[in-house]
Amino acid sequence: MISCARTHRGVIIWSAVVGLLLAGCSAAGGTAAADCGPADLLFGHGSAPDNPRAIAAEAFADEVEQQTDGRISVQVHGSGQVGSDEEMLRAIRSGSLDLSANSQGTLSTFVPQTALIGLPFLFDDAPEAYAVLDGEVGDQLKEVAREQGFEVLGWWDNGIRQVTNSRRGVSTPEDLSGLRIRTPADPMTVDIFGALDANPTPLAFGELYLALRQGTVDGQENPLVNIASARLFEVQSHLAMTRHKYESTPFVMNVDRWESLCDADREVVATAATNARQRQRGLMQERGEQVFDELSQTMEVTEPDTQPFREATSAVYDSWSQQYPDLVRALQQAAADD
Ligand code: TK8
């Protein structure tokens, strides 16, 4: 008879007959439930209070607290209060933060394969990406993330990204030439803007508004909802609907913390994460349309033909395919099937 129990940080303790292998008691497959004890979870994200990410984060916290009668508390800190996306992920790895609704680009610092979600022009719209990420390829990426210490509780939405800048209207790739464009700490976005002959400049999202205002960078790229909620339209005059890449918001948890929860609590957390994801995606879709009209009032909008941008960035596929041939193929296949 084998029995497994875990401490609150997921350290596996075992008592067993002679010959028991530790693997038989593995974290994912352990049979004995951990105690359904109290837990205080710390949740960080980098979005402004009215951003769908912030609203969904609160909804997640409320549901978990309600469903566990307050035994599990979830404290949410938004607007980068507990660090930049990269710092939050580092904190999750070290166990000083439990949860973050983050960005796949930044997550790729730790889980390089997640950058592939942002291959140029892979997805035409967000619902196409939802279908792929909720399916087999998304599960494969979850596996890789788990090995690096992140339990992906779901792929929330960040959206299809567009370019803004304060210098000129962008209608062709040549118009981007030489512009200093802030990117997240994401090698994929850096590759894309390098291929477009811009000058990609990685910077934390929390520093972006000031950098744009001070002219340290000329422009940036983000989905419309973020451009609106971070009020970037105040410091940018041109918006180009380039639709160059998709960004997911992986909702991640420290894997040991996740495994330290009893089965029933894991179910509560997983269900709340899925409900929050649906709410967040719905809000993103609704807001996206409203926000386009709002931004058009203050920004000069161009709707470039994306074909020359696709051609200019096609080499990005070559280099990433060399490194991750199977995953790139699987993503392209799933996106085409959808
Ligand atoms: C907010 C970021 C943001 C992302 C970026 O913390 O960095 O440009 O799009 O949404 O995660």
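Just so we're clear, the structure is a prediction, and the values are computed from it rather than from any experiment.

Another aspect to go through is the site of the ligand. Every residue near the ligand is listed here: Gly46, Arg53, Asp85, Ser103, Asn158, Arg161, Arg182, Pro184, Phe205, Asn222 and Asn226. Arg53 has a polar side-chain atom sitting 2.7 Å from an oxygen atom of the ligand. Within the side chain of Asn222, a nitrogen or oxygen atom sits 2.7 Å from an oxygen atom of the ligand. Protein chains shield 98% of the accessible area of the ligand, which is 300 Å² for the free molecule. In this structure the site holding the ligand corresponds to the largest pocket. The residue makeup of the shell around the ligand, split by class, is 2 nonpolar, 5 polar and 4 charged.

This paragraph deals with the nonpolar core. Generally speaking, soluble globular proteins have nonpolar side chains that are buried together. Grouped together as the largest cluster of nonpolar side chains are 50 residues, with contacts concentrated most on Leu116, Phe123, Phe150, Leu176 and Tyr246. If near-sequence neighbours (up to four positions away) are discounted, Phe123 is found in contact with Ile117, Glu128, Ala129, Val132, Ile160, Tyr246, Leu331 and Ala335.

Quick look at the state of the cysteines now. Covalent bonding between the sulfur atoms of two cysteines is what defines a disulfide. In this structure the tally under the stated criterion is 1 disulfide. Cys36 shares a disulfide with Cys262; S-S distance 2.1 Å. Classification of the bridge connecting Cys36 and Cys262 rests on its S-S torsion, roughly 105°, and on that basis the disulfide is right-handed. Taken as a pair, Cys36 in the loop between β2 (12–15) and β3 (39–45) and Cys262 in the loop between α9 (255–260) and α10 (263–298) lie far apart in primary sequence, 226 residues in all. A relative accessible area of 39% places Cys36 in the partly exposed class. Looking at Cys262, the relative accessible area reads 2%, which means it is buried.

Reading across from one edge, β4-β3-β5-β12-β6 is the order of the 5 strands in this open sheet, with mixed pairing throughout. Two strands lie at the open edges of the sheet, namely β4 (72–77) and β6 (150–160), each paired on one side alone. Averaged over all adjacent pairs, the angle separating strand axes in this sheet is 20°, with direction ignored. Of the strand pairs in this sheet, β3 and strand β5 (residues 99–101) are connected by 3 bridges, and their pairing is parallel. By the bridge assignment for β5, His45 is matched with Ala101.

We now examine the confidence of the model for the protein. Looking at the protein as a whole, its pLDDT mean stands at 91, while 90% of the residues score no less than 70. Every residue in residues 1–32 is under pLDDT 50, and counting partners more than four places away or in other chains gives 41 contacts.

Turning to helix α2 (residues 85–94), its buried residues are Asp85, Met88, Leu89, Ala91 and Ile92. Across the axial projection of α2, the buried residues extend over an arc of 160°, all falling on one side. Relative to its buried face, α2 has exposed residues pointing more than 90 degrees away, namely Glu87 and Ser94. Contacts made by the buried residues of α2 are with β3, β5, α3 (104–107), β6 and β12 (246–254). Gly95, located one to two residues past α2, shows a positive phi value of around 90°.

Turning next to the layout of surface pockets. In this model, the largest pocket occupies a volume close to 520 Å³. Forming the boundary of the largest pocket are 30 residues, of which Asp85, Arg182, Ala204, Phe205 and Gly206 lie nearest the centre. Among the secondary structure elements, those contributing two or more residues to the lining of the largest pocket are α2, α7 (208–214) and α8 (224–229). When its residues are assigned to classes, the lining of the largest pocket shows 11 nonpolar, 14 polar and 5 charged. One number sums up the size of the second largest pocket: a volume of about 430 Å³. In this structure, the second largest pocket is lined by 20 residues; those nearest its centre are Ile160, Gln162, Leu224, Arg243 and Gly288. Counting residues per element, the ones that place at least two in the lining of the second largest pocket are α4 (126–133), β6, α8 and α10. Looking at which element gives the most residues to the lining of the second largest pocket, the answer is α10, with 5 residues. Within the lining of the second largest pocket, the residues separate by chemical class into 10 nonpolar, 5 polar and 5 charged.

With that settled, the discussion passes to the packing of aromatic side chains. All chains considered together, the criterion is met by 7 aromatic pairs. Aromatic side chains Phe43 and Phe251 sit 5.0 Å apart centroid to centroid with 25° between the ring planes, which places their arrangement in the stacked category. Of this pair, Phe43 sits in strand β3 while Phe251 sits in strand β12, and the two are 208 residues apart along the sequence. Of the two residues examined, Phe43 and Phe251, each falls in the buried class. Joined through ring pairs, the aromatic side chains of Phe43, Phe60, Trp156 and Phe251 make up one cluster. Against the face of Tyr130 rests Arg281, its NZ or CZ located 4.2 Å from the ring centre.

Another point: the sheet that holds strand β7 (residues 162–165). Strand order in this open sheet of 6 strands is β9-β8-β10-β7-β11-β13, and the pairing throughout is mixed. Because the sheet does not close on itself, it has two edges, and the strands there are β9 (199–202) and β13 (300–302). The sheet shows a mean angle of 25° between the axes of neighbouring strands, direction not considered. In terms of strand pairing, strand β8 (residues 180–183) meets β9 through 4 bridges, oriented parallel. Looking at β9, one finds that Arg182 is bridged to Thr201.

Each value, and the rule that gives it
- Residues numbered from 1 in each chain as written.
- Predicted model: local features only at pLDDT ≥ 70, side-chain atom pairs only at ≥ 80, totals over all residues.
- Heavy atoms only, no water.
- Near = heavy atom within 4 Å.
- Polar contact = N/O pair within 3.5 Å; in protein donor to acceptor, adjacent residues only side chain to side chain.
- Areas by Shrake-Rupley, 256 points an atom, 1.4 Å probe, with all protein chains shown as cover.
- 1 Å grid on protein atoms, 1.4 Å probe; cavity = no way out; pocket = protein on both sides within 12 Å on 5 of 7 lines; lining within 4 Å.
- Sits in = over half its atoms within 2 Å of the grid points.
- Nonpolar A, V, L, I, M, F, W, Y, C, P; charged D, E, K, R; others polar.
- Core = buried A, V, L, I, M, F, W, Y, C linked by side-chain atoms within 4.5 Å.
- Buried < 20%, exposed > 50% of the residue type's maximum accessible area, 1.4 Å probe, protein only.
- Contact = heavy atoms within 4.5 Å.
- Disulfide = S-S within 2.5 Å.
- Helix = DSSP H or I, 4+ residues; strand = E, 2+ residues; numbered from the N terminus.
- Pairing = 2+ DSSP bridges.
- Axes fitted to C-alpha atoms, helices over the stretch in contact; angles between N-to-C directions.
- pLDDT = per-residue confidence, 0-100.
- Arc of directions from axis to C-beta.
- Points joined across faces, edges and corners; volume = space filled by probe spheres on them.
- Phe/Tyr/Trp six-rings, centres within 6.5 Å; stacked < 30°, edge-to-face > 60°.
- Lys NZ or Arg CZ within 6 Å of the ring centre and 35° of its normal.

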